[in-house]
Amino acid sequence: MPSTTPRCCINPSILSADFVNLEAELARIANADAVHVDVMDNHFVPNLTIGLPVVERIQQVSPVPLDAHLMISEVDRWAPKFADAGLASVTFHVEASDAPVKLARELRARGARAGMALRPATPVEPYLDLLPELDMLLVMTVEPGFGGQAFLDVMLPKIRRARAAIDGAGVDVAIQVDGGITEETITRAAEAGANVFVAGSAVYGRPSPAEAIDSLRAKGRLAFG
Ligand code: DX5
Ligand code: ZN
């Protein structure tokens, strides 16, 4: 069993924020545990967002730590640069990495938490031996690329198997879920064993993002136990 009970975290995604007013949008989520920054290259996923220069500037003004989700090709080359920018957490997709163990070690050596993401069709089993190299496993609960999609309940068994493996190995690895997290679906994800919840539309789509964060956190805590 892990030495400490994993903490329930709510990480709003700025993909659903107003990109023209990012500093003000960050101030609206100051009660979040971290801000989830979706980097897309129109190659690994069919959408394009922001790159390193903008993320560096967000890092300078954000009231909460940054949790970058890199949906990009050639991630072995790019991800360390995000860690060098001082980000608290950098997550790469295993499908885009040639050397995930080497990359995770590089991220940690630069002072960032190392996260590894799995697309919905990527099984967790081939990667269980890598858990000690990671601080976070991201189980995508939609196909990456766009906000506002419906939560894939078919991912719940993968979350359960990942939680069982993490607890069985006694390692301190967070399980993040990303995509379709709402006040309804967060309960199922937390019961399955997720403890870090990304929410874009369910936070920025509300009149008060800060209240939405508090409400999601209360529901996540209740279910995660
Ligand atoms: C999708 C992104 C998500 C997205 C989630 O590829 O990785 O972080 O912003 O948005 P919602 O919460 O609206 O599904
Ligand atoms: Zn994301």
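This text goes with the structure placed above it.
Residues numbered from 1 in each chain as written. Chains lettered and ligands numbered in written order. Predicted model: local features only at pLDDT ≥ 70, side-chain atom pairs only at ≥ 80, totals over all residues. Heavy atoms only, no water.

Quick notes on helix H2 (residues 52–61)
Looking at H2, one finds that the buried residues are Leu52, Val55 and Ile58. Projected down its long axis, H2 carries its buried residues within an arc of 115°, all on one side. Structural note: H2 exposes Pro53 and Gln60 on the side pointing more than 90 degrees away from its buried face. Structurally, H2 contributes buried residues whose contacts are with helix H1 (22–27), strand S2 (35–40), strand S3 (66–71) and helix H3 (75–84). (Buried < 20%, exposed > 50% of the residue type's maximum accessible area, 1.4 Å probe, protein only. Helix = DSSP H or I, 4+ residues; strand = E, 2+ residues; numbered from the N terminus. Arc of directions from axis to C-beta. Contact = heavy atoms within 4.5 Å.)

Observations regarding the coordination of the zinc ion (ligand 2)
Here the zinc ion (ligand 2) is held by His36 (NE2), Asp38 (OD), His69 (ND1) and Asp178 (OD), and the distances to it run 2.1 to 2.3 Å. What the six donor atoms of the zinc ion (ligand 2) show is an angle range of 70 to 173° at the metal, which sorts the shape as octahedral. Of note, the donors binding the zinc ion (ligand 2) are all from one chain and are spaced H-x1-D-x30-H-x108-D. Linking Asp38 in strand S2 with His69 in strand S3, this pair joins segments that are 31 residues apart in sequence. For Asp38, a relative accessible area of 6% gives the class buried. (Donors = N, O, S within 2.8 Å, 3.2 Å for Na, K, Ca; no water. Tetrahedral: all angles 85-135°; square planar, octahedral: opposite > 155°, others 65-115°.)

Concerning the site of ligand 1
The environment of ligand 1 is made up of 20 residues, and the closest members are Asp38, Gly145, Asp178, Gly200 and Ser201. Ser13 is positioned with one of its side-chain polar atoms (N or O) 2.9 Å from an oxygen atom of ligand 1. Asp178 places a polar side-chain atom, nitrogen or oxygen, 2.7 Å from an oxygen atom of ligand 1. Within the complex, 100% of the 380 Å² of free accessible area of ligand 1 lies under protein. Broken down by secondary-structure element, the contributors of at least two residues to the shell around ligand 1 are S2, S3 and strand S8 (196–199). Ranked by residue count, the leading element in the shell around ligand 1 is S2, at three residues. Per-class residue counts for the shell around ligand 1 are eight nonpolar, ten polar and two charged. (Near = heavy atom within 4 Å. Polar contact = N/O pair within 3.5 Å; in protein donor to acceptor, adjacent residues only side chain to side chain. Areas by Shrake-Rupley, 256 points an atom, 1.4 Å probe, with all protein chains shown as cover. Nonpolar A, V, L, I, M, F, W, Y, C, P; charged D, E, K, R; others polar.)

Brief notes about the sheet that holds S3
Read across the open sheet, the eight strands follow the order S1-S8-S7-S6-S5-S4-S3-S2; overall the sheet is parallel. Strand pairing shows two members of the sheet lacking a second neighbour, strand S1 (9–12) and S2, which therefore form its edges. Neighbouring strand axes in the sheet, compared pairwise and without regard to direction, differ in orientation by 25° on average. With respect to the sheet, helix H5 (residues 156–169) is in contact with strand S5 (113–118), strand S6 (136–140) and strand S7 (174–178), its orientation differing from that of S7 by roughly 165°. (Pairing = 2+ DSSP bridges. Axes fitted to C-alpha atoms, helices over the stretch in contact; angles between N-to-C directions.)

With respect to helix H4 (residues 100–109)
Considered for burial, the residues of H4 that qualify are Pro100, Leu103, Ala104 and Leu107. Down the axis of H4, the buried set is contained in an arc of 100°. They therefore lie on one face. In H4, the exposed residues that point more than 90 degrees away from the buried face are Lys102 and Ala109. Against the buried residues of H4 lie H3, strand S4 (89–93) and S5. Positive backbone phi, at 90°, marks Gly111, one or two positions downstream of H4.

Things to note about the nonpolar core
The biggest cluster of nonpolar side chains holds 71 residues, and the ones touching the most others in it are Ile14, Leu70, Val90 and Phe197. Per element, the largest residue contribution to this core is five residues, and it comes from H5. (Core = buried A, V, L, I, M, F, W, Y, C linked by side-chain atoms within 4.5 Å.)

So, the packing of aromatic side chains
If you walk through the whole model with that rule in mind, you get zero aromatic pairs. Across from the ring centre of Trp78, 5.8 Å away, lies the NZ or CZ of Lys81, which sits over that ring. A cation over an aromatic ring shows up here: Arg119 above the ring of Phe44, its NZ or CZ 4.9 Å from the ring centre. (Phe/Tyr/Trp six-rings, centres within 6.5 Å; stacked < 30°, edge-to-face > 60°. Lys NZ or Arg CZ within 6 Å of the ring centre and 35° of its normal.)

Details of the pattern of salt bridges
Scanning the entire structure with this criterion turns up 16 salt bridges. With a closest N to O distance of 2.8 Å, Glu184 and Arg188 form a salt bridge. Each of the salt bridges in this network shares a partner with another, and the network as a whole consists of Arg7, Asp33, Asp214 and Arg217. (Salt bridge = Lys/Arg side-chain N within 4 Å of Asp/Glu carboxyl O.)

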